[in-house]
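Structural features, examined
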Amino acid sequence: MVPRRSPKSEPQLRIGAHVGGGLAGHVDRAKKSGADTIQIFASNPRGWAEISVNEAADAAFRERMEKAGIGPLFIHAPYLVNIASPNLEFIAKSIKNASWTMQRAQSLGAAGVIVHAGAAGPGVARADALARAAASLLLILESTETPFLVVELTAGGSNTIASAWPMAAELLDACDAHGRIRFCFDTCHAHAAGYDLSNKVGTDACWAELDRDIGIDRLLVVHANDSRDASGSRRDRHAHIGDGTIGEDGFGALLSHEFARRVPWIVETPPTRQPEDIARLRALANA
Ligand SMILES: [Zn+2]
């Protein structure tokens, strides 16, 4: 075990992983990989179907999480969800599914539900795309009272709603800065979107822009993924921590910033090497 440094002045950094499989096995899988916080899917990530819910199973899950000291919990909405889709049927399904996921989050005691910022597709004016995405977010927020709705910035692409912090600020404004909207900083996406996270100059600039545009208190979680592609590539292909173009230097620089310890870090890499990815992040955080 890598010793964990937790000086009184700095909060303990929580590092975890996205774990798959069923509810009953999540805590064991998290423990095996050395995770102290987790992200899960509440249903098939590549479909719309809602699963049947069992209150006793939810209660047992919450109890296992608490006993193991694992948390906070995040739920990632299915990949199909697009809050800015120009297709009416698709956007209705997105809102319905994300709302259901918010209810699951409430029942499971999750801190938040993560949705991708989405894309409006070609030919849609920015103002219209933003208005549509904001309307979707506000409708999804109406479905529950507690968990945060967390918008994950994307790697860029066709009329993306938010792949950079100034764009996230526009979305937040379009939602009248709703009190339950938070953001997710995915390091692979940000690197692909053009923030060079391979060195201290680039990582400090990214943290500073984040704080300037949305305010650090609006950040709820970091998705820690290395990137297989160059900064600015707009490609979203995750690599294991230290093996990609962000590299150990980049993650070390990201983790050395005062903002880094304020939120949990979750790796979204293939499960076989998640224990290694978590250990690497922990070692870099403690270096
Ligand atoms: Zn992510």
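Further up the page is the structure itself.
This text gives an overview of the structure that appears in the document. All values derive from a computational prediction rather than experimental measurement. (Residues numbered from 1 in each chain as written. Predicted model: local features only at pLDDT ≥ 70, side-chain atom pairs only at ≥ 80, totals over all residues. Heavy atoms only, no water.)

**Section: the pattern of salt bridges**
Counting across every chain of the model gives 14 salt bridges. Note that lysine 93 is salt-bridged to glutamate 89, the shortest N-O span being 3.5 Å. Highlighted residues: lysine 93 and glutamate 89, both in helix H3 (residues 88-108), separated by four residues, approximately one helical turn. Given a relative accessible area of 36%, lysine 93 falls into the partly exposed group. (Salt bridge = Lys/Arg side-chain N within 4 Å of Asp/Glu carboxyl O. Helix = DSSP H or I, 4+ residues; strand = E, 2+ residues; numbered from the N terminus. Buried < 20%, exposed > 50% of the residue type's maximum accessible area, 1.4 Å probe, protein only.)

**Brief notes about the environment of arginine 62**
Take arginine 62: it is sitting in helix H2 (residues 55-68). For the pair arginine 62 and alanine 110, spaced 48 residues apart in sequence, the C-alpha to C-alpha distance is 9.3 Å. Among all residues touching arginine 62, those that are not within four sequence positions of it are Ser107, Leu108 and Gly109. (Contact = heavy atoms within 4.5 Å.)

**Brief notes about the environment of isoleucine 15**
Locating isoleucine 15 in the fold gives a position in strand S1 (residues 15-18). For isoleucine 15, a relative accessible area of 1% gives the class buried. Residues isoleucine 15 and arginine 273 lie 258 residues apart in sequence; the distance between their C-alpha atoms is 14 Å. Those residues within four positions of isoleucine 15 in sequence are excluded, and the remaining contacts are Gly34, Ala35, Asp36, Thr37, Trp265, Ile278, Leu281 and Arg282.

**Regarding the packing of helix H7 (residues 200-213) against helix H8 (residues 247-256)**
With their axes 9 Å apart at the nearest point, H7 and H8 run at an angle of 40° to one another. For the element pair H7 / H8, the angle class is oblique. Between H7 and H8 lies a crossing whose hand is right-handed. The residues of H8 that touch H7, namely those facing Lys200, Thr203 and Trp207, are Gly250, Ala253, Leu254 and Ser256. Of the residues in the contact of H7 with H8, the class split is three nonpolar, three polar and one charged. (Axes fitted to C-alpha atoms, helices over the stretch in contact; angles between N-to-C directions. Parallel < 35°, antiparallel > 145°, perpendicular 65-115°, else oblique. Left-handed = near helix turned anticlockwise from the far one by under 90°. Nonpolar A, V, L, I, M, F, W, Y, C, P; charged D, E, K, R; others polar.)

**With respect to the nonpolar core**
Among the nonpolar cores identified, the biggest contains 77 residues, and Ile38, Trp165, Phe185, Trp207 and Trp265 are the most heavily contacted of them. Membership of the second largest hydrophobic core comes to seven residues, among which are Phe74, Ile114, Leu220 and Ile266. (Core = buried A, V, L, I, M, F, W, Y, C linked by side-chain atoms within 4.5 Å.)

**Details of the coordination of the zinc ion**
Ideal coordination angles are 109.5 degrees for a metal with four donors arranged tetrahedrally and 90 or 180 degrees for a metal with six donors arranged octahedrally. Within the protein, the zinc ion binds to Glu152 (OE), Asp186 (OD), His223 (ND1) and Glu268 (OE); these donor distances fall in the range 2.1 to 2.2 Å. Metal-centred angles of 89 to 177° between the four donor atoms at the zinc ion mark the site as irregular. Between consecutive donor residues of the zinc ion, the sequence gaps follow E-x33-D-x36-H-x44-E. Placement of the pair is aspartate 186 in strand S6 (residues 181-186) and histidine 223 in strand S7 (residues 219-224), with a sequence separation of 37 residues. Classification of histidine 223 by relative accessible area gives buried; the value is 0%. (Donors = N, O, S within 2.8 Å, 3.2 Å for Na, K, Ca; no water. Tetrahedral: all angles 85-135°; square planar, octahedral: opposite > 155°, others 65-115°.)

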